[in-house]
Amino acid sequence: MTDIILSAQGLVRRFTARKPLFGTPSVVQAVSDVTLDVRRGETLAIVGESGCGKSTLARLLTRLLAPSEGAVVYDGRDIASLSDTEMRTLRRDMQFIFQDPFSSLNPRMTVGALIEEPLRIHRMGSAPERRAKVADLLRKVGLRPEHADRFPHEFSGGQRQRIGIARALATGPRIVVGDEPVSALDVSIQAQVVNILEDLKEELGLTLVIIAHDLAVIRHISDRVAVMYLGEIVELGDAAALFEKPAHPYTETLLSAIPIPATGARKARSLVDGDPPNPISPPPGCRFHTRCPYAQARCRSERPGLRTLAPDRQVACHFAEDLSLAGVDATMAARPAAAERRFAVYSNARANMTGAETNKTKLPTEE
């Protein structure tokens, strides 16, 4: 039996808009009946377009937000029902990396104080032990121990995100959730940060949940992928299989949007019409039917549940078995050189880092 470390069960999160002068306030259901298991030691990616509920789901998984309905089970305990005192103890095991490295670090605190703060809050170690731990964490993320005396404004965006990673690792967590941890960074710096996360996952035995919309990052780092649309998970499965052969039309649409950097490499795209529906009043039936080129009458009236299609594939589509959808790997197979260039930036960044492995004091392109 697969070892499950974290499980979301029927999660729902509603937000109520400000009450208007006349009438009743609107309610947005940002996450709608999401059930999801996270396996110990894996990297699970959650993808989808902006506004689909990815970040809300990430915060629900770590109890930064309380669910309106449902449960989040960590090692057999429903953390959604725990008191603040009980949850504080579990915070050591569950940490969060925020999206924006410029606003997530207190500008009035030194880097050392920022990284040490979780250790002080949880009363972990003496002052000398904490200082030694901070120096070790800085080395792990490719910075120098003397950087502990500097302030966040003295660092680049990539370096700040590494500081955020070091802070998240301070308490020795078992699960780290990253809310688009590289989306605010340049591509070359993204590659370095992604590789740092991969190395630390292997070294420390972490379980990672990564929220992202860059499918190149996802293809490189993830073991499994969950695809979200309008608050629901519409497909979940092994990353390689999902990229090769998607089972949901929305997944095909996302994969078709990946650019190929080669002359004449413009490929046929699975374009959808219109914008996503208003989450205040989602459409009946399948929520994607208003934009789906394969929609039929049943899709407009009957909501599809997430069902098992194969041993490691779940999909919320009535006609998944009947569709033949295009995967990104099949499209790129005709242009292997272009495909190699598209995803090579991460491998190249790792190769450039090899000279710093024995003494991680400075990584390429960083001061």
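Residues numbered from 1 in each chain as written. Predicted model: local features only at pLDDT ≥ 70, side-chain atom pairs only at ≥ 80, totals over all residues. Heavy atoms only, no water.

- The protein appears in an unreviewed UniProt entry as Peptide/nickel transport system ATP-binding protein from Lutimaribacter saemankumensis.
- Turning to the protein, the UniProt record has this under Sequence similarities (unreviewed entry): "Belongs to the ABC transporter superfamily."
- Heading Subcellular location (unreviewed entry) of the UniProt record for the protein holds this comment: "Cell inner membrane". (UniProt positions renumbered as here; feature names shortened; annotations may be inferred.)

**Brief notes about the layout of surface pockets**
Here is step 1: Roughly 380 Å³ of volume is contained in the largest pocket.
Here is step 2: Lining the largest pocket are 17 residues, and of these R91, Q95, F96, F98 and P118 sit closest to its centre.
Here is step 3: The set of elements that each furnish at least two residues to the lining of the largest pocket consists of strand 6 (94-97), helix 3 (111-121) and helix 5 (157-169).
Here is step 4: Looking at the lining of the largest pocket element by element, the count peaks at four residues for helix 3.
Here is step 5: Residue composition of the lining of the largest pocket, by class: eight nonpolar, five polar and four charged.
Here is step 6: Here the second largest pocket defines a volume of roughly 260 Å³.
Here is step 7: Looking at the second largest pocket, it is lined by 13 residues, and the ones nearest its centre are D37, R39, R224, L236 and Q314.
Here is step 8: Among the secondary structure elements, those contributing two or more residues to the lining of the second largest pocket are strand 2 (27-39), strand 11 (307-310) and strand 12 (313-315).
Here is step 9: If you tally residues by element for the lining of the second largest pocket, the top one is strand 2, at four residues.
Here is step 10: Grouping the amino acids of the lining of the second largest pocket by side-chain chemistry returns five nonpolar, three polar and five charged.
Here is step 11: Each of domain 1 (4-16 + 27-222) and domain 2 (232-315) accounts for three or more of the residues forming the lining of the second largest pocket. (1 Å grid on protein atoms, 1.4 Å probe; cavity = no way out; pocket = protein on both sides within 12 Å on 5 of 7 lines; lining within 4 Å. Points joined across faces, edges and corners; volume = space filled by probe spheres on them. Helix = DSSP H or I, 4+ residues; strand = E, 2+ residues; numbered from the N terminus. Nonpolar A, V, L, I, M, F, W, Y, C, P; charged D, E, K, R; others polar. Domains from an automatic or database assignment.)

**Section: the pattern of salt bridges**
Here is step 1: On inspection of all chains with the given rule, the structure shows 20 salt bridges.
Here is step 2: Its salt-bridge partner being R14, residue E69 comes within 2.4 Å of it at the nearest N-O pair. Of the two residues, E69 is situated in strand 4 (residues 69-74) and R14 in strand 1 (residues 4-16); the sequence distance between them amounts to 55 residues.
Here is step 3: A relative accessible area of 32% places R14 in the partly exposed class. (Salt bridge = Lys/Arg side-chain N within 4 Å of Asp/Glu carboxyl O. Buried < 20%, exposed > 50% of the residue type's maximum accessible area, 1.4 Å probe, protein only.)

**Quick notes on empty space enclosed by the protein**
It is the rolling of a water-molecule-sized probe over the atoms that shows where space remains empty.
Here is step 1: Applying the stated criterion to the full structure yields three cavities of 30 Å³ or more.
Here is step 2: Considered as a void within the structure, the largest cavity measures approximately 100 Å³ in volume.
Here is step 3: Lining the largest cavity are 15 residues, and of these P249, C286, C292, C299 and C317 sit closest to its centre.
Here is step 4: A per-class count over the lining of the largest cavity returns 12 nonpolar, three polar and no charged.

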